[in-house]
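Each chain is listed here by its residues.
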Amino acid sequence: MASPIAAVAYTDAARIDDQPARWRAVYAMALCSFVLIASEFMPVSLLSPIAQTLNLIEGRAGQAIAVSGLFAVITSLSLSAVLGRMDRRIVLLVLTSLLALSGAIVAFAPTYLVFMAGRALLGVAIGGFWSMSAAVAMRLVPIQSVPKALAVISGGNALATVLAAPLGSFVGSLIGWRGAFFCVVPVAVAAVSMPTTRPRRSVNHRDDRIAPRTSAVMPVPKPMIRPQNRTSCHSVFITSPPR
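Overview of the structure. (Residues numbered from 1 in each chain as written. Predicted model: local features only at pLDDT ≥ 70, side-chain atom pairs only at ≥ 80, totals over all residues. Heavy atoms only, no water.)

Overview of the packing of helix H7 (residues 112-140) against helix H8 (residues 146-182)
A packed helix pair is summarised by two numbers, namely the angle formed by the two axes and the spacing between the axes. Spelled out, the test is: The angle between two axes is taken between their N-to-C directions and runs from 0 to 180 degrees, where each axis is a line fitted to C-alpha atoms and a helix contributes only its stretch in contact. Only DSSP runs of H or I covering at least 4 residues are called helices, and only runs of E covering at least 2 are called strands; the numbering of each starts at the N terminus. We call two directions roughly parallel when the angle between them is under 35 degrees, roughly antiparallel when it is over 145, roughly perpendicular when it lies between 65 and 115, and oblique otherwise. By definition, any crossing whose near helix is turned counterclockwise from its far helix by less than a right angle is left-handed, and any crossing with a clockwise turn is right-handed. Two residues form a contact once any of their heavy atoms are found within 4.5 Å. Three classes are used, and their members are as follows: Ala, Val, Leu, Ile, Met, Phe, Trp, Tyr, Cys and Pro are nonpolar, Asp, Glu, Lys and Arg are charged, and the others, Gly among them, are polar.
Contact geometry for H7 and H8: axes closest at 11 Å, N-to-C directions at 160°. Judged on the interaxial angle alone, H8 and H7 are roughly antiparallel. Our pair here, H7 against H8, has a crossing hand that is right-handed. Mapping the contact onto sequence places Phe115, Arg119, Trp130, Ser133, Ala134, Ala137 and Met138 in H7 and Val146, Leu150, Ile153, Asn157, Trp177 and Phe181 in H8. Residues belonging to the contact of H7 with H8 are distributed by class as follows: 10 nonpolar, 2 polar and 1 charged.

Spelled out as structure tokens, the structure:
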């Protein structure tokens, strides 16, 4: 016979899996991961025109990649503590909006400091997205589809790693490095408009927050007491025959 704990876990899993998968939101997150990584590595192929426009040496222009990575690490380590129990859907929308804002700032940056500020905002968006993308993906699809959803999101990352540098060089040769960075803005806006549903609730039916405090109450099985056989025992006296 199955234990009460296993029965409760099976019931909770069945209650979650009966909800449909939100693949549209998963594809939107994959698009965000593609744009984030492409924006991070795009300066690799555009260092020379950036340095010429902003009157810099190419080594100093390459610090645009370092500053985005630095802010990504800081954001990923501190986002949960700063935002607490805020709705994850709102946080993802804000981070995607930061991605669009970063692209616009970098594209129209008149000075080096403004350019680096836009790259810092990109680092905040990258760190925040990767610190919660896996947790959000697990709540968008049933349990058996979680590996597929994570693979879709990671696929956007892998694709951007391969295409970011050559695509940035090609687009930069056509419309300039500012136009190449500004191409991020419409793609980020498209990613914001794609998801229309909020992530599913967790097993204990609480709202999906950042770092939720879940408490698992395990039922304690009652000890099984077997009733004693109350059968009357009669003493049997055996008398020996007289000699």
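Side note on helix H5 (residues 63-83)
To keep things clear, this is the line we draw: Helix span is expected to be 1.5 Å times the residue number reduced by one. Here the bend at each residue means the angle between axes fitted to two seven-residue stretches, the one ending at that residue and the one beginning there. A simple rule labels every residue: compare its accessible area, found with a 1.4 Å probe on the protein chains alone, to the largest value its type can have, and call it buried under 20%, exposed over 50%, or partly exposed in between.
In this model H5 runs 29 Å from its N-terminal to its C-terminal C-alpha over 21 residues, within 8% of the 30 Å that 1.5 Å per residue would give. For H5, the principal kink sits at Leu77 and spans about 40°. Three or more residues of H5 are buried, namely Ala64, Val67, Ser68, Ala72, Thr75 and Leu79. Positive backbone phi, at 65°, marks Gly84, one or two positions downstream of H5.

Digging into H8
Here H8 contains 37 residues, and its C-alpha end-to-end distance of 33 Å is more than 12% below the 54 Å for a straight helix at 1.5 Å per residue. Considering bend angle alone, the principal kink of H8 is centred on Ile175 and spans about 120°.

A short note on the nonpolar core
Put simply, the test is: The nonpolar core is taken to be a set of buried Ala, Val, Leu, Ile, Met, Phe, Trp, Tyr and Cys residues, with the residues joined through side-chain atoms within 4.5 Å.
Grouped together as the largest cluster of nonpolar side chains are 30 residues, with contacts concentrated most on Leu36, Leu99 and Leu140. The set of elements that each furnish at least two residues to this core consists of helix H2 (23-41), H5, helix H6 (88-107), H7, H8 and helix H9 (184-193). If one sorts the elements of this core by residue count, H7 sits on top with 8 residues. If we ignore the near neighbours within four places in the chain, the residues touching Leu99 are Val35, Leu36, Ser39, Leu122, Ala125, Val184 and Ala188. Ranked by size, the runner-up nonpolar core spans 21 residues in total, among them Ala51, Val67, Ala107 and Tyr112.

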